[in-house]
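# A closer look at the structure
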Amino acid sequence: MKNILVLLLLVLPECIWAQSYSVKKLGAMEGLSNNNVLSIAQDKQGYLWFATEEGLNKFDGVHFISYYKDIPDKLHITGNELNCLLDDPIDSILWIGTQRAGLNAYNYSNNTFTIYKHDPGDHNSLITDDVTSIKPASDGNLWITTYWNGIDYLDKKTGNFIHYNTDIFGQKKGNTVEAFYEAYVENGEVHLKKNEEEAYGDTRVSTSKINELSKKAVNEHFSNVYAGLATFLDDV
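What counts, and where the lines are drawn
- Residues numbered from 1 in each chain as written.
- Predicted model: local features only at pLDDT ≥ 70, side-chain atom pairs only at ≥ 80, totals over all residues.
- Heavy atoms only, no water.
- Pairing = 2+ DSSP bridges.
- Helix = DSSP H or I, 4+ residues; strand = E, 2+ residues; numbered from the N terminus.
- Axes fitted to C-alpha atoms, helices over the stretch in contact; angles between N-to-C directions.
- Salt bridge = Lys/Arg side-chain N within 4 Å of Asp/Glu carboxyl O.
- Buried < 20%, exposed > 50% of the residue type's maximum accessible area, 1.4 Å probe, protein only.
- Phe/Tyr/Trp six-rings, centres within 6.5 Å; stacked < 30°, edge-to-face > 60°.

### Side note on the sheet that holds strand β11 (residues 142-146)
In space, the 4 strands of this open sheet follow the order β10-β11-β12-β13, with antiparallel pairing throughout. Here the strands that pair on one side only, and so sit at the sheet edges, are β10 (131-136) and β13 (160-164). In this sheet, adjacent strand axes meet at a mean angle of 25° when their direction is disregarded. Pairing of β10 with β11 involves 5 bridges; the strand directions are antiparallel.

Okay, structure coming up:
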């Protein structure tokens, strides 16, 4: 019995390290609308969504379906240049942040579409149409970061936005916030966290882009790169 145990301890590491991986590139030649992929999300039906500099893409594991603005009989996204995606943790909604064309919400359970855009006459509207990042709030609502205009908090039930920026709080730091891990309100101020451990402390700190990684079921990993997508397959 002791000899068998020793043999297993010697062989097991070799089996682990012998596992191989294959990499397959997916880009415009395979049907992706644009090779500059900025964000990846997986919805509750298992489909993968990719935000690019030229359109939104849905991937079923084999084929891409591309969506653009002003195309009849398809998703009516308000802009082709996208920044970020979020599959809502609670509802069957894909949130789409665009460059200069507002915030889009696609409810894929009933195939409905909602558009949120800045309205100069409505203080409760989105503060700007340039959305850089979307994150879930602890209460089920959303935090929206923007270029030049700070952070918005969206009440999904009312559709109203609360604004946190230098115009309101008089802070000297910039209003551009591109990405963050988590946000919370304390003593009337919004605080951001760069990651699970480290906090920014003040909301108005510009951050670098976060390259997102999305995992597809059955040991398949997608990573966005500057020349399309790379899919990493575990050969098990």
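### Section: the pattern of salt bridges
Per the counting criterion, the structure on display carries 4 salt bridges. In this structure, K156 and D88 form a salt bridge, with 2.8 Å as the shortest nitrogen-oxygen distance. One end of the pair, K156, is in the loop between β12 (151-155) and β13; the other, D88, is in the loop between β6 (82-87) and β7 (93-98), with 68 residues separating them in the sequence. For D88, a relative accessible area of 1% puts it in the buried group. One salt bridge in this structure joins K156 and D91, with 3.0 Å as the shortest N-O distance. Within this pair, whereas K156 is found in the loop between β12 and β13, its partner D91 is found in the loop between β6 and β7, the two being separated by 65 residues in sequence. Classification of D91 by relative accessible area gives partly exposed; the value is 31%. Through salt bridges with shared partners, a single ionic network connects D88, D91 and K156.

### Re unusual backbone geometry
Positive phi values are uncommon outside glycine, yet D70 reaches one of about 60°. When its relative accessible area of 65% is taken as the criterion, D70 is described as exposed. The phi dihedral of W148 is positive, around 75°, even though this residue is not glycine. Note that W148 resides in the loop between β11 and β12. Of the residues examined, W148 reaches a relative accessible area of 64% and is grouped as exposed.

### A short note on the packing of aromatic side chains
In total, this model carries 11 aromatic pairs according to the counting rule given. Ring plane angle 35° and centroid distance 4.5 Å describe the contact between F59 and F64, whose orientation is recorded as tilted. F64 shares its class with F59; the two are buried. Plain terms: the ring middles of W143 and Y164 are 5.9 Å apart, the flat faces sit at 50° to each other, and that makes the pair tilted. On the criterion of sequence distance, the pair formed by W143 in strand β11 and Y164 in strand β13 is long-range, its members being 21 residues apart.

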